[in-house]
Amino acid sequence: MNVDNKIESLKASLEEALATVENQNELQQLKATYLGKKSELTQLMRHMKDLSNEEKPAFGQKINEAKQAFEALIDAQKVIIQKREMDALLKKETIDVTLDAPDFSPGSAHLLNQIIEDIEDLFIGMGYQIKEGPEIETDLMNFEKLNLPKDHPARDMQDSLYITEDTLLRTHTSPVQVRTMLEYGGKKPVKIICPGKVYRRDDDDATHSHQFMQIEGLVVDKETTMSDLKGTLLVVAKHLFGPDRKIRFRPDYFPFTEPSVEVDVTCANCDGVGCSICKQTGYIEILGAGMVNDKVLKMSGYDPNIYQGFAFGIGVERLAMLKYGIEDIRHFYTNDLRFNKQFKR
Ligand code: PHE
C-alpha cells in the first residue's frame, strides 16, 4: 500500500468530516478517530517494522507530518466552532436597547420631609443639634417628667394611644427633650430640635390625624430668656413665610412651660390687614411655646436656680397647610401622586 495515498485519503475524509462538525464534543470525537491510539494513522506506524532501516526515517517523518497536518486542521476547526458558539451566545444575550422603555419618573422627597429638612437646616445654622427618640414611650417620659402626673386634667389635651398601662405611642416629641436633659446630667447647656412622628387618639378628618409630624425645640442655659425665644421664632417665621412677617405672643397654658404662649404670625396673604384666610384677624397661629417649667427642669436634673430655658412645638402638617394652602391634612398620608408631584423639589 502506498503511504502517501493512504494519508491523502485519510486527510480528505477528515476534511469532509470536519465540515459537518457542529460542536466541541463532536470535534473531540473526530480527533480521537483520526489521531487516537486506534486511528488508522496510528495503525500505519505498525508498518515500520516491515521497512528497511534506510526507509524508516522517511516513513516516520511522513506519519509525523500527517499528524501535525491533521492536528492543524482540527485546531483550525476548533477556532471556527468557538467563534460560532460565542456568536450564538452573544446573539442570545443581546439586549435590544432600541426597545421603548416603560414611562417612569424618579421620585422625590415627600413635602413633609422637605419642610422638616428645611427647618433642620435653619436650626443647624443657629447651632442646634438634632435629636431623635423612640416612638413607643413610657408614661414617665411622655407625661410624668413633663409635669403631667397621672390624674392631671391636662392629659386630656393629648388623647393618647396606650400599649400597656405604662407605655404608649408618644403624643409629642417632648420626651426626647427629657431624655436629652437626663443624658446631659443637668450640667451641659441644651440646644436641640426633635423632629419625628407623634400619635393622638383622634378621629381623622380634614384637620385631625391620629399620626402627624412635630418638630419641638429646647434651649436650656444659664441666661436664656423669653426674648431669646421670641427672636428665634421670628427667624423661623420669616424663613417660612417671608421676610416681612411679624409675630406676636398670646398667653396660653402648657403644663411643661410657665409662662406659656401661643405664637401667631402675620398673615402672608394680606400682610396683617385682615382677609378670609386669617379670618379677618391679620394673624395666623403657628405654634405653642414657653419658658420651661421649673419642675420640668428639676425632674430632669437641672437646677432651676442656675438654669432656665425655652421650648416650642411645631406641627409640621399645619405649617405645610398654611404655607401651601392645603385644605385637608389627609392629603399628606393618602399618597395620591397628583398631590405629591406638585411638591417636587
Ligand atoms: N408638647 C406640646 C404639644 O405637643 C407642644 C409644646 C412644646 C408646647 C413646647 C410648648 C412648648 O402639644
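Residues numbered from 1 in each chain as written. Predicted model: local features only at pLDDT ≥ 70, side-chain atom pairs only at ≥ 80, totals over all residues. Heavy atoms only, no water.

Details of the domain arrangement of the protein chain
Thought 1: Its domain assignment divides the protein chain into domain 1 (3–92) and domain 2 (111–343).
Thought 2: Distance between the C-alpha centres of domain 1 and domain 2: 89 Å. (Domains from an automatic or database assignment.)

Regarding helix α5 (residues 111–125)
Thought 1: Taking 1.5 Å of rise per residue, 15 residues should cover 21 Å, and α5 covers 21 Å from first to last C-alpha, within 8% of that figure.
Thought 2: Within the span of α5, buried status applies to L111, L112, Q114, I115, I116, I119, E120, L122 and F123.
Thought 3: Along its buried surface, α5 packs onto β1 (129–130), β5 (190–199), β6 (211–221), α8 (226–241), β10 (308–315) and α10 (316–324).
Thought 4: Two residues or fewer past α5, G127 is found with a positive phi of approximately 90°. (Helix = DSSP H or I, 4+ residues; strand = E, 2+ residues; numbered from the N terminus. Expected span 1.5 Å × (residues − 1). Buried < 20%, exposed > 50% of the residue type's maximum accessible area, 1.4 Å probe, protein only. Contact = heavy atoms within 4.5 Å.)

Looking at unusual backbone geometry
Thought 1: Omega for the bond connecting E258 with P259 falls within 30 degrees of zero, at -5°, which places this linkage in the cis form.
Thought 2: For P259, the location among the structural elements is in strand β8 (residues 257–266).
Thought 3: Even without a glycine there, the phi angle at N147 is positive, about 70°.
Thought 4: Note that N147 resides in the loop between α6 (139–142) and β3 (161–162).
Thought 5: Under the relative-accessibility criterion, N147 is labelled buried at 13%.
Thought 6: One non-glycine residue, N335, adopts positive backbone phi at about 50°.

Considering the nonpolar core
Thought 1: In terms of nonpolar packing, the biggest core is built from 43 residues, with L233, V263, I286, L287, A289, F312 and F332 touching the most fellow members.
Thought 2: Of all the secondary-structure elements, those providing two or more residues to this core are α5, β6, α8, β8, β9 (283–292), β10 and α10.
Thought 3: Counting residues per element, this core draws most heavily on α5, which supplies seven residues.
Thought 4: Beyond its immediate chain neighbours, meaning those up to four positions away, L233 contacts I247, F249, V263, L287, A289 and F312. (Core = buried A, V, L, I, M, F, W, Y, C linked by side-chain atoms within 4.5 Å.)

Observations concerning the site of the ligand
Thought 1: The ligand sits among 14 residues. The nearest are H172, S174, R200, Q214 and E216.
Thought 2: At 3.1 Å from a nitrogen atom of the ligand is found a side-chain nitrogen or oxygen belonging to S174.
Thought 3: The side chain of E216 places a nitrogen or oxygen atom 2.7 Å from a nitrogen atom of the ligand.
Thought 4: Surface burial for the ligand is 91%, taken as the share of its 320 Å² of free accessible area covered by protein chains.
Thought 5: Those elements giving two or more residues to the shell around the ligand turn out to be β6, β9 and β10.
Thought 6: Sorting elements by how many residues they give to the shell around the ligand places β10 first, with three residues. (Near = heavy atom within 4 Å. Polar contact = N/O pair within 3.5 Å; in protein donor to acceptor, adjacent residues only side chain to side chain. Areas by Shrake-Rupley, 256 points an atom, 1.4 Å probe, with all protein chains shown as cover.)

Description of the pattern of salt bridges
Thought 1: Tallying each qualifying case throughout the model produces 14 salt bridges.
Thought 2: Here K62 ties to D4 by a salt bridge, and the two come within 3.5 Å at their closest N and O atoms. You can see K62 sitting in helix α4 (residues 55–92) and its partner D4 sitting in helix α1 (residues 3–20), a full 58 residues away along the chain.
Thought 3: Judged by its relative accessible area of 35%, K62 falls in the partly exposed class.
Thought 4: Close ionic contact of D328 with R330 constitutes a salt bridge, the shortest N to O distance being 2.9 Å. (Salt bridge = Lys/Arg side-chain N within 4 Å of Asp/Glu carboxyl O.)

Points about the pairing of β10
Thought 1: Judged by how many residues are buried, β10 sits mostly within the fold: six of eight residues are covered.
Thought 2: Bridge analysis of β9 against β10 gives five bridges, and the strand direction is antiparallel. Considered in β10, the bridge of M291 is made with F310. (Pairing = 2+ DSSP bridges.)

Observations concerning a nonpolar patch on the surface
Thought 1: On the surface, M86, L89 and L90 cluster together into a nonpolar patch covering about 280 Å² of accessible area.
Thought 2: Inspection of the secondary structure puts L90 in helix α4. (Patch = residues over 30% accessible without salt bridge, like charges linked within 9 Å, V, L, I, M, F, W, Y side chains within 5 Å.)

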